[in-house]
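Chain residues, written in single-letter form:
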Amino acid sequence: MNNILTTTIAIVMLGGSAVAQNFLVEPIVGYPDFGFMEEPGTGEGQYTGPVFVLSDQYPDSMPPLDPGVKDILSMDFRNNSINYAVAVRDYIFEGNIRGGDVERDFDLHLNSIGRDWYHAPWQHWGKLGREGYHGLTREGPLSKLVLDKTQTDSSYAYAVGFYNGPGGLTFGKVWPSADQGPDLSSLIAGEGFPEGTIVGKFLFTVLDGSQVNYLTNPLQWNAFMYNCDVPSSPAYLQCDTDTSRSTQKVNLLQMDIMIKDNRAVDAAGWVFGTFVYNGHLPEKHDYSAACEQYQGDGKKWCNLVPVGVMWGNDADNPIGFLNETPSVDSPTIINPLLKQTVINPSSALPAQHLGWASRLNGPADNPGSSCMSCHSTGQYPAVSPIMLTFNPSDMPQGPEPADAEWMRYFRNFKDGEAFDLGRAVSTDFSMQMLKSLQNYVEWRSQSQAGVYAVEYWTDGNVGPVTRGQVTK
Ligand code: HEC
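Residues numbered from 1 in each chain as written. Predicted model: local features only at pLDDT ≥ 70, side-chain atom pairs only at ≥ 80, totals over all residues. Heavy atoms only, no water.

Caption draft 1: Representation of the overall build of the chain. Across its full length, the chain carries eight helices and 11 strands. Computed over C-alpha atoms, the radius of gyration of the chain comes to 21 Å, within 12% of the 23 Å expected from 2.2 N^0.38 for 472 residues, which places it in the range of a compact globule. For the chain, contacts bridging at least 24 residues in sequence account for 72% of all contacts bridging at least 6. Roughly 19,500 Å² of accessible area belongs to the chain as shown, and the carbon and sulfur atoms make up 54% of that amount. Measuring between centres, the 30 positive side-chain charges of the chain sit 1 Å from its 52 negative side-chain charges. (Helix = DSSP H or I, 4+ residues; strand = E, 2+ residues; numbered from the N terminus. Rg over C-alpha atoms; globule rule 2.2 N^0.38 Å. Contact = heavy atoms within 4.5 Å. Areas by Shrake-Rupley, 256 points an atom, 1.4 Å probe, with all protein chains shown as cover. Lys, Arg positive; Asp, Glu negative; His and termini not counted. Charge placed at Lys NZ, Arg CZ, Asp CG, Glu CD.)

Listed below in structure tokens is the structure:
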């Protein structure tokens, strides 16, 4: 009887346009899904259609590893780095690309092979919080010229990340219920994320092929974003005074991956990789196999070309340089002295600035950092900033070796080890875990008009972990 009823409801609801908005995908109303969206309704300037639903029914026991994950954990990330990265990319694609309208891809609840993926809670909170089309948060700045020599406007990246089952387990331990605060016991015990955790993240920008050559033939999503980040808006660059938002088409720029792979002993058991979109590739190319089954725009996900992989910070190499403005005339610099970063030598890769001394970083990331430099600061409370400085002229650029204070940000880590040992609890390189804790404490202090002791552990010198600021 119950089943018949459920099926009837399913048919009725799936028949409408609001595929994602039904109690089949969200039987329990848990954490808020997003913070910013057009008003609901059918009137002028209103929206009725699928919206972002947070996947937050975290598992309470370790899910069995998918065969795809086992395969990845048996691949050699050091000597077969690029194939390893592509295997992870394609695992993330499975069941999440539905082959049709790309707007409906990565609705995690609708994974077509029944695989569970999870979002981090509490990213809706604050001015940079999730928007309602895809759960995109406002992330780091895209300064002029960092993406291409024809990039005359700056903007900000908007991004969404997600964790597979083993990653969801850790979120469930820290966040046992939407109705209660976090429980840090597992993190304090140094447990972190289990082997087999895989994390994916997509970064989008409103900048298009007219400024960033390789963003031609784009893969586009809707985003409800700040007008001050949109070059064609009268509010452009006025983030201090104009916090209005509107629906815009944004273009896929970058994909990030993180894999908890215990063989990565120098990086707390993590391997990081990144991809950049290249809209110039022919229909069939070195990285297109996984998408050949899809029609139309679904194929474009495979235009994400591997940039590289890293499994440590090359802590013993203190000679720095920056390549802030890559372009066809000033190509990617591959540093042959690095032993824990591999960069893809393929001509399919658009010119990249990479990170400090060409450690791995993506196009939307700061050229003076690296994936693992920044993520190693994942700890609560965040007693050290994510970077020592954001000012390029203060970053070591050889020939002298960088000093110990700088190299503190390019260390290697044991599993569970915090950036500031004894002063903070490691969130195991997860920045969204850190932000969930920070956002919750901020919300609860405000709503209960009180202060938590933990807020005094930071010496008052560290702000919220953010790469973007909207001051109003
Ligand atoms: C300067 C700091 C910084 C750098 C460099 C950086 N990240 Fe992140 N990353 C963050 C922050 C902060 C978040 C949380 C989302 C946000 O920005 O609000 C994040 C989120 C993520 C997530 C979602 C999972 C999570 O919670 O941590 C992934 C995956 C990720 N980054 C991968 C990468 C990869 C791969 C690179 C290098 C190509 C990279 N990041 C470089 C700061 C950084």
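Caption draft 2: Region of interest: the environment of Tyr31. Checked against the element boundaries, Tyr31 lands in the loop between α1 (2–15) and α2 (67–73). Overall, the relative accessible area of 5% leaves Tyr31 in the buried class. Once the C-alpha coordinates of Tyr31 and Met62 are considered, the two residues, 31 residues apart in sequence, prove to be 22 Å apart. Those residues in contact with Tyr31 that lie beyond four places of it in its chain are Leu54, Asp56, Tyr58, Pro121, Trp122, Trp175, Ser177 and Ala178. (Buried < 20%, exposed > 50% of the residue type's maximum accessible area, 1.4 Å probe, protein only.)

Caption draft 3: Region of interest: the state of the cysteines. What the rule picks out here adds up to two disulfides. Paired by a disulfide, Cys228 and Cys239 hold their sulfur atoms 2.1 Å apart. One disulfide, between Cys228 and Cys239, carries an S-S torsion of 100 degrees and so falls in the right-handed class. On the criterion of sequence distance, the pair formed by Cys228 in the loop between β5 (220–226) and β6 (245–260) and Cys239 in the loop between β5 and β6 is long-range, its members being 11 residues apart. Overall, the relative accessible area of 10% leaves Cys239 in the buried class. Residue Cys291 pairs covalently with Cys302 via a disulfide, S to S 2.0 Å. Where Cys291 bonds to Cys302 through sulfur, the torsion about that S-S bond is close to 75 degrees, and the disulfide is right-handed. Taken as a pair, Cys291 in the loop between β7 (270–277) and β8 (304–310) and Cys302 in the loop between β7 and β8 lie far apart in primary sequence, 11 residues in all. Taking relative accessible area as the criterion, Cys291 reaches 2% and is therefore assigned buried. The connectivity of the disulfides in the chain is 1-2, 3-4, where the numbers refer to bonded cysteines in sequence order. (Disulfide = S-S within 2.5 Å.)

Caption draft 4: Summary view of the side chain of Asn335. Checked against the element boundaries, Asn335 lands in the loop between β8 and β9 (341–343). The class of Asn335 is buried, set by a relative accessible area of 11%. A distance of 3.0 Å separates a polar atom in the side chain of Asn335 from the backbone oxygen of Ala357. Residues within four places of Asn335 in sequence aside, it is in contact with Phe321, Ala357 and Ser358. (Polar contact = N/O pair within 3.5 Å; in protein donor to acceptor, adjacent residues only side chain to side chain.)

Caption draft 5: Here's a closer look at the site of the ligand. Near the ligand lie 26 residues; those nearest to it are Tyr163, Cys371, Cys374, His375 and Gln432. The side chain of His375 places a nitrogen or oxygen atom 2.8 Å from a nitrogen atom of the ligand. Gln432 places a polar main-chain atom, nitrogen or oxygen, 2.7 Å from an oxygen atom of the ligand. Counting only elements with at least two residues in the shell around the ligand, the list comes to β4 (198–205), β6, β7, α6 (371–375) and α8 (431–447). Residues of the shell around the ligand, tallied by class, amount to 11 nonpolar, nine polar and six charged. (Near = heavy atom within 4 Å. Nonpolar A, V, L, I, M, F, W, Y, C, P; charged D, E, K, R; others polar.)

Caption draft 6: Summary view of α8. In this model, α8 (17 residues) spans 24 Å end to end at C-alpha, consistent with the 24 Å of a helix rising 1.5 Å per residue. By the burial criterion, the buried members of α8 are Met431, Gln432, Met433, Leu434, Ser436, Leu437, Gln438, Asn439, Tyr440, Val441 and Ser445. The elements touched by buried residues of α8 are β3 (155–164), α4 (165–174), α5 (185–188), α6 and β10 (379–380). Here α8 starts with a cap whose side-chain oxygen sits 2.9 Å from the backbone nitrogen of Met433, and that cap is Ser430. Immediately beyond the C-terminal end of α8, within one or two residues, lies Ala449, with a positive phi of roughly 45 degrees. (Expected span 1.5 Å × (residues − 1).)

Caption draft 7: Up close: the side chain of Glu26. With respect to the helices and strands, Glu26 occurs in the loop between α1 and α2. One buried charged residue, Glu26, remains without a salt bridge, the closest side chain of opposite sign being Arg130 at 11 Å. (Salt bridge = Lys/Arg side-chain N within 4 Å of Asp/Glu carboxyl O.)

Caption draft 8: Structural context of the confidence of the model for the chain. Summary statistics for the chain give a mean pLDDT of 92 and a share of 93% for residues scoring 70 or more. Per-residue pLDDT stays below 50 along residues 1–20; that stretch engages in 12 contacts with residues further than four places along the chain or on separate chains. (pLDDT = per-residue confidence, 0-100.)

Caption draft 9: Structural detail: the coordination of the iron atom of the ligand. When only protein atoms are considered, the iron atom of the ligand has one donor, His375 (NE2), at a distance of 2.1 Å. Examined against the element boundaries, His375 turns out to sit in helix α6. (Donors = N, O, S within 2.8 Å, 3.2 Å for Na, K, Ca; no water.)

Caption draft 10: Structural detail: α4. Counting buried positions over the 10 residues of α4 gives nine, a clear majority of the element. Of all the residues in α4, the buried ones are Gly165, Pro166, Gly167, Gly168, Leu169, Thr170, Phe171, Gly172 and Val174. Buried positions along α4 lie against β1 (117–118), β3, α5 and α8.

Caption draft 11: Structural context of unusual backbone geometry. A cis geometry characterises the amide bond from Tyr380 onward to Pro381, with omega recorded as -10 degrees. Summarising the element assignment, Pro381 is placed in the loop between β10 and α7 (404–407). Backbone torsion omega between Gly398 and Pro399 reads -5 degrees, so that peptide bond is classified as cis. With respect to the helices, strands and loops of the structure, Pro399 is situated in the loop between β10 and α7. A positive phi angle is found at Leu145, which is not glycine, with a value near 70 degrees. Looking at where Leu145 falls in the secondary structure, it is placed in the loop between β2 (137–142) and β3. Leu145 sits in the partly exposed class, given a relative accessible area of 35%. The phi dihedral of Ala357 is positive, around 55 degrees, even though this residue is not glycine. If you trace the backbone, Ala357 turns up in the loop between β9 and α6.

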